[in-house]
Amino acid sequence: MHEIPTNALDVQHALKAHDESRQGEAYAPFALDPNQYRKHFYIESYGCQMNFSDSEIVASILNQHGFGATRNLEEADLVLLNTCSIREKAEQTVRKRLSEFRKVKEKKPGMLVGVLGCMAERLKSKLLEEEKLVDMVVGPDAYRTLPGLVEEAETGQKAVNVMLSRDETYADISPVRLDSNGVTAFVSIMRGCNNMCSFCVVPFTRGRERSRDDVSIVAECQDLYNRGFREVTLLGQNVDSYYFVHEDGRIVNFAGLLEKVALISPLLRVRFSTSHPKDITDEVLHTMARYENICRYIHLPVQSGSTRVLQLMNRTYTREWYMARVDRIREIMPDCGISSDIIAGFCTETEEDHQDTLSIMEHSRYDMSYMFFYSERPGTLAARRYADDVPDAVKKRRLQEIVELQNRLSRESNEQDLGKTFKVLIEGNSKRSDQDWMGRNSQNKVVVFPKGNLPLQKGDYVWVKVHDCTQATLLGEVVPS
Ligand code: SAH
Ligand code: SF4
Ligand code: F3S
């Protein structure tokens, strides 16, 4: 087991809001003491939080093998792109970035370029043929072999490892926190996905679902708390199916894990993502309700509001089932925030199906949604079975209607909060002004308020009374607790 020095990446930087990570944005880690390491790597991450979290594992493995992180591409001996395949556009973004790297490599021929993550897994060695400048292709379960692959590539050979594993969880590797605000962190609790949603490439790129030992999860969260972090987000493609069986037969399910993490300290907030509507149990909802520090927020992707389309998507729930789960959440936790993922224009979607999506959004009153139009992914069930038959213009128009409705719902949800007082965890300066703090309430809404002369710092909890709002942000001021 490796111990990573905690100062390995002692960075202070405004965190990219984790919701942004889903928009396919990239970030690169900070430069560190350049003398501490023999060589330097530069990494950019695309896609979901899981990929960002994986980059922190990769950083840890590379640190152990003499590579330090740099934010300066020109200074790097090794350039890594941790990629996403979820939609065609995500792959196009990576290809564009690779062509930009080509120019850097022309000036610096010794520099190695590696593609990690889901695109590496989906395209395997085909990537080497398609993108001549790529030296290494490494799938999400093969990061432990990176140092060996780098050595191989250094001798001029192309290096590939895209083996998927049934048991790799990187449980013993302490992630190096890249680009951290020092307050909030992601913790992977499981990998892979066993659901076969027909539109989705993830089961092919991430392999079978496996849960990480709860003891190592709790230890990682405790360590984060000891280092001043005040919020952890437990990550998995389908967290509600977390299930770890100990050698003595003891079983820990997701509700059990949530409770263990919540018990670390009442000052440590716990969030999680993503919940599948078919698996979110009353036991989980009651556990959330029992602990004030388990945040009142559930990301519950609906994808479509039409039972017929949901069936084609292989989501295994109906419109009615979904609405009943939302009602149950509101019954057990009336103040719970709910957000969603929605796909417009899936195969065969009619105008009536689309109206069902709009009406389920109204019923669920989402605070926020990630909205996409359907992008066919090679090899998925939908690509093999159904024609991608909704014209692009129709997909885009429907998506636009979905976005407009969500904008209204978000604004209405924020207006409901005017005059309310929330406990806010301060994450750092607001984006607009260093005279204002930015934090989140339990429902995951961003709250911005003036610093005034109060002796506050990031990582502190404060009570903020909301007096104004925009569509995306609550504005308020500190009130006595
Ligand atoms: N495991 C998560 C989702 C991960 S992917 C879950 O089940 O909720 C994030 C989102 O991308 C999905 O919820 C879906 O809305 C969207 N998505 C996945 N495949 C897509 C595709 N082929 N086209 C458009 N959107 C897609
Ligand atoms: Fe994809 Fe469905 Fe698994 Fe989510 S639950 S990762 S949408 S297959
Ligand atoms: Fe993308 Fe892979 Fe995540 S396809 S969304 S990076 S699991």
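Residues numbered from 1 in each chain as written. Chains lettered and ligands numbered in written order. Predicted model: local features only at pLDDT ≥ 70, side-chain atom pairs only at ≥ 80, totals over all residues. Heavy atoms only, no water.

With respect to spatial proximity, the complete set of residues near ligand 3 consists of Cys48, Asn51, Thr83, Cys84, Ser85, Ile86, Cys118, Val202, Arg206 and Gln237. Tallied by class, the residues present in the shell around ligand 3 amount to five nonpolar, four polar and one charged. When residues are assigned to domains, the shell around ligand 3 turns out to be shared by domain 1 (39-161) and domain 2 (184-409), each giving three or more. (Near = heavy atom within 4 Å. Nonpolar A, V, L, I, M, F, W, Y, C, P; charged D, E, K, R; others polar. Domains from an automatic or database assignment.)

Hydrogen bonds between backbone groups are what pair the strands of a sheet, and the pairing can be parallel or antiparallel. Taken in spatial order, the three strands make up an open sheet running E7-E10-E13, and their pairing is parallel. A strand with exactly one partner marks an edge of an open sheet, and here the two such strands are strand E7 (184-188) and strand E13 (269-273). Across the sheet, the mean angle from the axis of one strand to that of its neighbour is 25°, orientation sign disregarded. Bridge count between E7 and strand E10 (residues 231-235): five bridges; the pairing is parallel. Note on E10: the bridge partner recorded for valine 187 is leucine 234. Strands E7 and E10 of the sheet are contacted by helix H8 (residues 214-226), whose axis makes an angle of about 170° with E7. (Pairing = 2+ DSSP bridges. Helix = DSSP H or I, 4+ residues; strand = E, 2+ residues; numbered from the N terminus. Axes fitted to C-alpha atoms, helices over the stretch in contact; angles between N-to-C directions. Contact = heavy atoms within 4.5 Å.)

The next thing to look at is the packing of aromatic side chains. Under the definition given, this model contains six aromatic pairs. Pairing tyrosine 143 with tyrosine 170 gives two aromatic rings, centres 6.0 Å apart and planes at 15°, and the pair type is stacked. One end of the pair, tyrosine 143, is in the loop between strand E5 (136-138) and helix H6 (146-154); the other, tyrosine 170, is in the loop between strand E6 (159-161) and E7, with 27 residues separating them in the sequence. Summarising the burial analysis for this pair, tyrosine 143 and tyrosine 170 share the class buried. Centroid distance phenylalanine 254 to phenylalanine 272: 5.2 Å. Interplanar angle 75°. Geometry classified as edge-to-face. Of the two residues, phenylalanine 254 is situated in helix H9 (residues 254-262) and phenylalanine 272 in strand E13; the sequence distance between them amounts to 18 residues. Per residue, the accessibility class of phenylalanine 254 equals that of phenylalanine 272, and both read buried. (Phe/Tyr/Trp six-rings, centres within 6.5 Å; stacked < 30°, edge-to-face > 60°. Buried < 20%, exposed > 50% of the residue type's maximum accessible area, 1.4 Å probe, protein only.)

Segmenting the chain into domains produces domain 1 (39-161), domain 2 (184-409) and domain 3 (421-479). One C-alpha centre belongs to domain 2, the other to domain 3, and the line joining them spans 27 Å. Facing the 15 residues of domain 2 at the interface are 13 residues of domain 3. At the boundary of domain 2 with domain 3, total buried surface from both sides reaches about 1,200 Å², with 44% on carbon and sulfur atoms. Counting across the domain 2 and domain 3 interface gives one salt bridge. (Buried area = accessible area lost by both parts, 1.4 Å probe. Salt bridge = Lys/Arg side-chain N within 4 Å of Asp/Glu carboxyl O.)

Let us now look at the site of ligand 2. Surrounding ligand 2, one finds Cys193, Asn195, Cys197, Phe199, Cys200, Val202, Pro203, Gln237, His276 and Arg315. Looking at the shell around ligand 2 residue by residue, the classes come out as six nonpolar, three polar and one charged.

Right, let's talk about helix H2 (residues 49-64) for a bit. Counted at 1.5 Å a residue, the expected span for H2 with its 16 residues is 22 Å, and the 23 Å between its end C-alpha atoms agrees. In the stretch just after H2, glycine 66 is the one whose phi turns positive, near 85°. (Expected span 1.5 Å × (residues − 1).)

Turning our attention to the environment of valine 183. Position of valine 183 among the secondary structure elements: in the loop between E6 and E7. Considered as a pair, valine 183 and tyrosine 366 are 183 residues apart in the sequence and their alpha carbons are 26 Å apart. If sequence neighbours within four positions are ignored, valine 183 has contacts with Phe229, Arg230, Glu231, Leu425, Ile426, Glu427, Lys458 and Gly459.

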